[in-house]
Amino acid sequence: MPYIQTPQLTLCYQDFGSPKDPCVLLIGGLGTSMTRWTVPFCQQLAQRGFYVIRYDHRDTGCSTFTTPAITNPGELMAALQKGKMEPPFYSLYDLAQDAIQLLDQLHIEKAHIMGRSMGGIVAQILGSQHKERVLSLVIIMSTSLNPTLPQTEATVMQQMMSPLPSYSTAKADHLAARLAFIQRISSTDVSFNAEEEKELIEEDYNRNPTSNQTLLHVAAVGFTPYNPAITAGIQCPVLVMHGTIDPIFPPPHGLDLHAAIPHSKLMLIENMGHDLHADRYALLLDAFSQNQG
């Protein structure tokens, strides 16, 4: 896959469709690489007349990994409690700048932005602080970081932060733990495709056996303060897609985004968890097509 190189980092990306078409930049969630934007989703979007780009955040996939790595939750909590962001830590504003550098290197002046979960927060920053680069936003299962909203369910947070068995030495246990978490946060009205999920996990490992540095992404969220001026400053068309049973960002997060972003549209999906199931691709893409400015 191709890369862009900046003085600070390397970002791995993949494109679909024709560069002559309007660009859609896909921004992934916490601790996940580009593969969570599945190939069928990207292909379906490209078939609708868009130039689609997915990429690995720093510290995931085949992009630059920060050194030294942070692998201990205690070290993470100590840094957050200290309250001063120092290397190797960074914020979601840095991840937003990564996205801008990717667009710059690819000579893309403007793009539609789709962000999921943590990527939805990055999308908000882009829509507010880089208005001239953003045609529209789609914010999927995300949050404004408003601290008054319900927090992630404690059991889910514990499961997400627990160390995983090594893929290389205990593959079956690793897959079982990953699948248990993914199913725990998934929608309940559509089938859970364990084989497809296994393939995505295996694809990630085959691309780069180094585990994604999830804790640095957790820190990036922690070092990004809630700022209502971000949502208030978004002027482009915005579609907010959220599930009624999301255990990571419960439904009030989606309602809050809709209320905070001027003229946004809300799709509150019954029985949708913290996932983007293939059965919902057409629903999302239809709504996206209708919501462009």
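Shown above is the structure to which this text applies.
Residues numbered from 1 in each chain as written. Predicted model: local features only at pLDDT ≥ 70, side-chain atom pairs only at ≥ 80, totals over all residues. Heavy atoms only, no water.

> Hey, could you run me through the environment of asparagine 271 in this one?
Structurally, asparagine 271 can be placed in the loop between β8 (265-269) and α11 (281-290). Given the relative accessible area of 31%, asparagine 271 is considered partly exposed. Sequence spacing of asparagine 271 and serine 186 is 85 residues, and the spatial spacing of their C-alpha atoms is 9.0 Å. When neighbours within four sequence positions are excluded, asparagine 271 is seen to be in contact with Ser187, Thr188, Asp189, Thr244, Ile245 and Arg280. (Helix = DSSP H or I, 4+ residues; strand = E, 2+ residues; numbered from the N terminus. Buried < 20%, exposed > 50% of the residue type's maximum accessible area, 1.4 Å probe, protein only. Contact = heavy atoms within 4.5 Å.)

> Explain the pattern of salt bridges to me, please; I cannot follow it from the model alone.
Side chains bearing opposite charge may pair, as long as their charged atoms lie close to each other. Evaluated as defined, the whole model comprises eleven salt bridges. Across the pair aspartate 286 and arginine 48 runs a salt bridge whose closest N-O atoms are separated by 2.9 Å. Of this pair, aspartate 286 sits in helix α11 while arginine 48 sits in the loop between α1 (39-47) and β4 (51-55); the two residues are 238 residues apart in sequence, bridging distant segments of the chain. Taking the relative accessible area as the measure of exposure, aspartate 286 reaches 36% and is therefore partly exposed. (Salt bridge = Lys/Arg side-chain N within 4 Å of Asp/Glu carboxyl O.)

> In this structure, what is going on with the nonpolar core? I would like to understand it.
Where a protein is soluble and globular, its nonpolar side chains tend to be buried together. Ranked by size, the top nonpolar core spans 48 residues in total, and within it Leu25, Ile53, Leu102, Ile113, Leu126 and Leu137 carry the most contacts. If one sorts the elements of this core by residue count, helix α3 (residues 92-105) sits on top with seven residues. Excluding its chain neighbours within four sequence positions, the residues that come into contact with leucine 102 are Ile4, Leu11, Tyr13, Leu25, Ile53 and Tyr55. By size, the runner-up hydrophobic cluster in this structure holds 25 residues, among which are Leu26, Cys42, Val138 and Tyr281. (Core = buried A, V, L, I, M, F, W, Y, C linked by side-chain atoms within 4.5 Å.)

By themselves, these are just geometric observations and shouldn't be taken as functional.
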